[in-house]
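Chains, contacts and geometry: an overview
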Amino acid sequence: MRLLTPLLGEIDMFSHATAAMFWGLPLPRRLQTGPLHVSTTWPRRAPRIRGVMGHALRKPLSAPWDGTNVQAPADAWCELATSLTLDELVMAGDALFYRQRKIATREQLVAAIRRWGRKPGASTLRAAFELIRENAESPKETEWRLIIVHAGLPEPVVNHPVYDENGKLVAIIDLAFPEQKTGADYDGRHHAEDPDQFARDGERYNALLRLGWHDIRITAGMSRRAVLDDLRTRLWQQGWRP
(Lines give C-alpha, C1' and ligand atoms only; values in the text may rest on other atoms or scores of the structure.)
Protein backbone atom coordinates (compact mmCIF):
# COMPACT_ATOMS: atom_id res chain seq x y z
CA MET A 1 0.00 0.00 0.00
CA ARG A 2 2.86 2.37 0.73
CA LEU A 3 4.01 1.98 -2.88
CA LEU A 4 0.83 3.78 -3.94
CA THR A 5 1.25 6.67 -1.51
CA PRO A 6 3.19 8.87 -3.99
CA LEU A 7 0.22 8.60 -6.36
CA LEU A 8 -2.28 9.99 -3.87
CA GLY A 9 -2.31 13.35 -5.61
CA GLU A 10 -4.45 11.76 -8.30
CA ILE A 11 -5.92 9.00 -6.12
CA ASP A 12 -6.89 11.16 -3.10
CA MET A 13 -7.19 8.31 -0.61
CA PHE A 14 -7.49 4.64 0.21
CA SER A 15 -11.14 3.72 0.64
CA HIS A 16 -13.79 1.02 1.06
CA ALA A 17 -12.54 -2.29 2.54
CA THR A 18 -8.92 -1.10 2.35
CA ALA A 19 -9.76 1.90 4.52
CA ALA A 20 -11.73 -0.31 6.89
CA MET A 21 -8.63 -2.46 7.40
CA PHE A 22 -6.52 0.66 7.96
CA TRP A 23 -8.89 1.59 10.79
CA GLY A 24 -8.88 -1.91 12.25
CA LEU A 25 -12.51 -2.79 11.51
CA PRO A 26 -13.12 -6.56 11.57
CA LEU A 27 -13.78 -7.94 8.11
CA PRO A 28 -14.51 -11.47 6.88
CA ARG A 29 -11.63 -13.18 5.10
CA ARG A 30 -13.27 -12.74 1.70
CA LEU A 31 -12.74 -8.97 1.93
CA GLN A 32 -9.23 -9.15 3.36
CA THR A 33 -7.73 -10.75 0.27
CA GLY A 34 -9.28 -8.66 -2.51
CA PRO A 35 -7.76 -5.76 -4.46
CA LEU A 36 -6.74 -2.48 -2.86
CA HIS A 37 -9.48 0.14 -3.03
CA VAL A 38 -8.50 3.72 -3.90
CA SER A 39 -10.72 6.68 -4.66
CA THR A 40 -10.59 10.04 -6.33
CA THR A 41 -13.11 12.89 -6.31
CA TRP A 42 -15.85 12.93 -8.93
CA PRO A 43 -15.94 14.10 -11.77
CA ARG A 44 -12.39 12.81 -12.13
CA ARG A 45 -12.25 9.28 -13.47
CA ALA A 46 -11.71 6.39 -11.12
CA PRO A 47 -8.01 5.44 -10.99
CA ARG A 48 -6.95 2.56 -13.24
CA ILE A 49 -3.97 0.80 -11.71
CA ARG A 50 -3.06 -2.89 -11.82
CA GLY A 51 -4.18 -4.68 -8.64
CA VAL A 52 -6.36 -1.76 -7.62
CA MET A 53 -10.12 -1.20 -7.57
CA GLY A 54 -10.67 2.46 -8.42
CA HIS A 55 -13.63 4.61 -7.40
CA ALA A 56 -14.81 8.17 -8.03
CA LEU A 57 -16.69 9.55 -5.02
CA ARG A 58 -18.70 12.72 -4.52
CA LYS A 59 -17.35 14.88 -1.66
CA PRO A 60 -15.31 12.12 -0.05
CA LEU A 61 -14.10 12.65 3.50
CA SER A 62 -10.62 11.50 4.43
CA ALA A 63 -8.39 11.51 7.47
CA PRO A 64 -4.60 11.22 7.80
CA TRP A 65 -3.20 7.86 8.88
CA ASP A 66 0.55 7.54 9.24
CA GLY A 67 1.18 10.03 6.45
CA THR A 68 -1.46 8.55 4.15
CA ASN A 69 -4.92 9.78 3.23
CA VAL A 70 -7.58 7.26 4.22
CA GLN A 71 -11.36 7.48 3.90
CA ALA A 72 -12.87 8.68 7.17
CA PRO A 73 -13.90 5.77 9.45
CA ALA A 74 -17.66 6.41 9.36
CA ASP A 75 -17.68 6.71 5.56
CA ALA A 76 -15.50 3.62 5.13
CA TRP A 77 -18.04 1.74 7.25
CA CYS A 78 -20.86 2.88 4.96
CA GLU A 79 -18.97 1.60 1.91
CA LEU A 80 -19.17 -1.90 3.39
CA ALA A 81 -22.98 -1.93 3.22
CA THR A 82 -23.17 -3.84 -0.05
CA SER A 83 -20.41 -6.31 0.85
CA LEU A 84 -21.34 -7.45 4.38
CA THR A 85 -24.31 -9.15 5.97
CA LEU A 86 -26.26 -7.17 8.56
CA ASP A 87 -24.51 -8.88 11.48
CA GLU A 88 -21.07 -8.40 9.88
CA LEU A 89 -21.86 -4.72 9.38
CA VAL A 90 -22.86 -4.38 13.04
CA MET A 91 -19.60 -6.03 14.10
CA ALA A 92 -17.65 -3.53 12.00
CA GLY A 93 -19.80 -0.70 13.37
CA ASP A 94 -19.20 -1.69 16.98
CA ALA A 95 -15.47 -1.49 16.25
CA LEU A 96 -15.87 2.24 15.58
CA PHE A 97 -16.81 2.61 19.24
CA TYR A 98 -14.58 0.11 21.04
CA ARG A 99 -14.16 0.94 24.72
CA GLN A 100 -10.41 1.41 24.46
CA ARG A 101 -10.30 3.39 21.20
CA LYS A 102 -13.26 5.24 19.78
CA ILE A 103 -12.49 6.37 16.22
CA ALA A 104 -15.89 7.87 15.32
CA THR A 105 -18.88 9.52 16.95
CA ARG A 106 -22.57 8.80 16.63
CA GLU A 107 -22.97 12.17 14.96
CA GLN A 108 -20.33 11.32 12.35
CA LEU A 109 -22.05 8.03 11.65
CA VAL A 110 -25.44 9.71 11.23
CA ALA A 111 -23.89 12.27 8.85
CA ALA A 112 -22.18 9.52 6.82
CA ILE A 113 -25.43 7.58 6.47
CA ARG A 114 -27.16 10.77 5.36
CA ARG A 115 -24.47 11.36 2.72
CA TRP A 116 -24.98 7.78 1.53
CA GLY A 117 -28.57 8.68 0.70
CA ARG A 118 -30.57 6.11 -1.22
CA LYS A 119 -27.69 4.22 -2.75
CA PRO A 120 -27.74 0.39 -2.56
CA GLY A 121 -27.32 -0.78 1.00
CA ALA A 122 -29.05 2.23 2.56
CA SER A 123 -31.65 0.15 4.39
CA THR A 124 -28.94 -2.20 5.71
CA LEU A 125 -26.97 0.79 7.00
CA ARG A 126 -29.98 2.12 8.87
CA ALA A 127 -30.78 -1.30 10.34
CA ALA A 128 -27.14 -1.81 11.40
CA PHE A 129 -26.97 1.64 12.98
CA GLU A 130 -29.86 0.74 15.29
CA LEU A 131 -27.97 -2.39 16.43
CA ILE A 132 -24.56 -0.79 17.04
CA ARG A 133 -23.55 -0.48 20.70
CA GLU A 134 -20.64 1.36 22.25
CA ASN A 135 -17.96 -0.02 24.59
CA ALA A 136 -17.53 -3.51 23.12
CA GLU A 137 -13.96 -4.78 23.04
CA SER A 138 -13.90 -7.46 20.37
CA PRO A 139 -15.81 -8.83 17.38
CA LYS A 140 -16.65 -11.94 19.42
CA GLU A 141 -18.46 -9.83 22.02
CA THR A 142 -20.59 -8.29 19.28
CA GLU A 143 -21.16 -11.66 17.61
CA TRP A 144 -22.43 -13.19 20.85
CA ARG A 145 -24.57 -10.16 21.70
CA LEU A 146 -26.33 -10.59 18.37
CA ILE A 147 -26.65 -14.36 18.81
CA ILE A 148 -28.34 -13.76 22.17
CA VAL A 149 -30.73 -11.15 20.76
CA HIS A 150 -31.58 -13.25 17.70
CA ALA A 151 -32.45 -16.13 20.05
CA GLY A 152 -35.19 -14.03 21.64
CA LEU A 153 -33.37 -13.34 24.90
CA PRO A 154 -33.14 -9.82 26.35
CA GLU A 155 -30.31 -7.67 25.05
CA PRO A 156 -27.30 -7.75 27.39
CA VAL A 157 -25.47 -4.66 28.58
CA VAL A 158 -22.02 -4.39 27.00
CA ASN A 159 -19.03 -4.39 29.39
CA HIS A 160 -21.00 -3.84 32.57
CA PRO A 161 -18.97 -2.97 35.71
CA VAL A 162 -19.74 -4.87 38.94
CA TYR A 163 -18.71 -3.40 42.30
CA ASP A 164 -18.61 -4.95 45.75
CA GLU A 165 -20.25 -3.52 48.88
CA ASN A 166 -17.26 -1.22 49.41
CA GLY A 167 -17.42 0.24 45.93
CA LYS A 168 -14.42 -1.70 44.68
CA LEU A 169 -14.53 -2.81 41.06
CA VAL A 170 -14.77 -6.60 41.00
CA ALA A 171 -15.26 -7.27 37.29
CA ILE A 172 -16.30 -5.84 33.96
CA ILE A 173 -18.60 -8.41 32.38
CA ASP A 174 -18.60 -8.66 28.58
CA LEU A 175 -22.38 -9.19 28.30
CA ALA A 176 -24.46 -8.66 31.41
CA PHE A 177 -28.06 -8.88 32.56
CA PRO A 178 -27.86 -6.73 35.71
CA GLU A 179 -31.46 -7.29 36.87
CA GLN A 180 -30.88 -11.04 36.88
CA LYS A 181 -27.25 -10.82 38.12
CA THR A 182 -26.21 -12.91 35.15
CA GLY A 183 -23.28 -12.46 32.83
CA ALA A 184 -21.61 -14.05 29.83
CA ASP A 185 -17.91 -13.65 29.09
CA TYR A 186 -16.09 -14.72 25.96
CA ASP A 187 -12.66 -16.16 26.78
CA GLY A 188 -10.04 -16.36 24.05
CA ARG A 189 -7.27 -18.95 24.15
CA HIS A 190 -4.96 -16.64 26.11
CA HIS A 191 -7.27 -17.00 29.12
CA ALA A 192 -6.30 -20.68 29.37
CA GLU A 193 -2.72 -20.45 28.10
CA ASP A 194 -1.57 -17.59 30.36
CA PRO A 195 -1.26 -18.91 33.97
CA ASP A 196 -1.56 -15.43 35.49
CA GLN A 197 -4.67 -14.66 33.45
CA PHE A 198 -6.14 -18.04 34.33
CA ALA A 199 -5.61 -17.34 38.05
CA ARG A 200 -7.15 -13.86 37.77
CA ASP A 201 -10.16 -15.34 36.00
CA GLY A 202 -10.68 -17.76 38.89
CA GLU A 203 -10.46 -14.99 41.48
CA ARG A 204 -12.86 -12.86 39.47
CA TYR A 205 -15.35 -15.71 39.08
CA ASN A 206 -15.32 -16.43 42.83
CA ALA A 207 -15.76 -12.74 43.66
CA LEU A 208 -18.80 -12.56 41.39
CA LEU A 209 -20.25 -15.67 43.04
CA ARG A 210 -19.96 -14.02 46.45
CA LEU A 211 -21.98 -11.09 45.13
CA GLY A 212 -24.71 -13.40 43.82
CA TRP A 213 -23.70 -13.19 40.16
CA HIS A 214 -23.66 -16.19 37.83
CA ASP A 215 -21.09 -15.77 35.04
CA ILE A 216 -21.33 -18.08 32.04
CA ARG A 217 -18.05 -18.68 30.24
CA ILE A 218 -17.98 -18.90 26.45
CA THR A 219 -15.01 -20.31 24.54
CA ALA A 220 -14.31 -21.05 20.89
CA GLY A 221 -15.96 -24.23 19.70
CA MET A 222 -18.67 -24.28 22.35
CA SER A 223 -22.17 -25.20 21.24
CA ARG A 224 -24.29 -22.10 20.71
CA ARG A 225 -27.38 -24.05 21.74
CA ALA A 226 -25.77 -25.10 25.02
CA VAL A 227 -24.74 -21.54 25.87
CA LEU A 228 -28.17 -20.16 25.01
CA ASP A 229 -29.90 -22.91 26.99
CA ASP A 230 -27.74 -22.10 30.03
CA LEU A 231 -28.50 -18.40 29.70
CA ARG A 232 -32.22 -18.94 29.19
CA THR A 233 -32.42 -21.25 32.22
CA ARG A 234 -30.53 -18.85 34.48
CA LEU A 235 -32.54 -15.81 33.36
CA TRP A 236 -35.80 -17.72 33.89
CA GLN A 237 -34.71 -18.73 37.39
CA GLN A 238 -33.96 -15.09 38.14
CA GLY A 239 -37.42 -13.91 37.12
CA TRP A 240 -37.06 -12.99 33.45
CA ARG A 241 -40.05 -13.73 31.25
CA PRO A 242 -40.20 -13.22 27.47
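To be clear, the structure that these remarks concern was listed above.
Residues numbered from 1 in each chain as written. Predicted model: local features only at pLDDT ≥ 70, side-chain atom pairs only at ≥ 80, totals over all residues. Heavy atoms only, no water.

Let us look at the overall build of the protein chain. Secondary structure summary: the protein chain contains 11 helices and 11 strands in total. For the protein chain, the residues scored as buried account for 45% of the 242 residues in total. Taking all contacts inside the protein chain whose residues are at least 6 apart in sequence as the whole, residues at least 24 apart take part in 58%. For the protein chain, the accessible area works out to roughly 13,300 Å², and carbon and sulfur atoms hold 53% of it. (Helix = DSSP H or I, 4+ residues; strand = E, 2+ residues; numbered from the N terminus. Buried < 20%, exposed > 50% of the residue type's maximum accessible area, 1.4 Å probe, protein only. Contact = heavy atoms within 4.5 Å. Areas by Shrake-Rupley, 256 points an atom, 1.4 Å probe, with all protein chains shown as cover.)

Of the pairings in the sheet, the one linking strand S1 (residues 13-14) to strand S2 (residues 36-41) comprises two bridges and is antiparallel in character. Paired with Met13 across the strands is Ser39, a residue of S2. Taken together, the six bridges between S2 and strand S3 (residues 52-57) define a ladder with parallel strand orientation. By the bridge assignment, Thr40 is partnered in S3 with Ala56. (Pairing = 2+ DSSP bridges.)

This part covers the nonpolar core. Counting 40 residues, the largest nonpolar core has Leu25, Trp77, Leu80, Leu89 and Leu109 as the members making the most contacts within it. Where this core is concerned, the elements lending two or more residues are helix H2 (16-22), helix H4 (73-79), helix H5 (86-95), strand S6 (97-98), helix H6 (106-116) and helix H7 (122-131). The contacts of Leu80, once residues within four sequence positions are left out, are Ala17, Ala20, Leu25, Leu27, Leu31, Leu89 and Ala92. Residues Ile148, Leu175, Val227 and Leu231 belong to the second largest nonpolar core, which totals 15 residues. (Core = buried A, V, L, I, M, F, W, Y, C linked by side-chain atoms within 4.5 Å.)

When two helices pack together, their arrangement is given by the angle between the helix axes and the distance between those axes. At a minimum axis separation of 9 Å, H5 and helix H8 (residues 139-150) run at an interaxial angle of 135°. When the axis of H5 is compared with that of H8, the two are oblique. In this structure, the crossing between H5 and H8 has a hand that is right-handed. Between H5 and H8, the contacting residues are Asp87, Val90, Met91 and Asp94 on the first element and Pro139, Thr142, Glu143, Arg145, Leu146 and His150 on the second. Residue composition of the contact of H5 with H8, by class: four nonpolar, two polar and four charged. (Axes fitted to C-alpha atoms, helices over the stretch in contact; angles between N-to-C directions. Parallel < 35°, antiparallel > 145°, perpendicular 65-115°, else oblique. Left-handed = near helix turned anticlockwise from the far one by under 90°. Nonpolar A, V, L, I, M, F, W, Y, C, P; charged D, E, K, R; others polar.)

Turning our attention to the sheet that holds strand S10 (residues 182-187). On the basis of which strands lie adjacent, the open sheet formed by four strands has the order S8-S9-S10-S11 and mixed pairing. For this open sheet the edge positions go to strand S8 (157-163) and strand S11 (214-219), each flanked by a neighbour on one side alone. Direction aside, the axes of adjacent strands within the sheet are offset by 45° on average. Here six bridges tie S8 to strand S9 (residues 169-177), and the two strands are oriented antiparallel to one another. Paired with Tyr163 across the two strands is Leu169, which belongs to S9. Its contacts with the sheet place H8 against S8, S9, S10 and S11, and it is angled at close to 50° to S9. Each of S9, S10 and S11 touches helix H11 (residues 224-237); the most contacted strand, S11, lies at about 170° to it.

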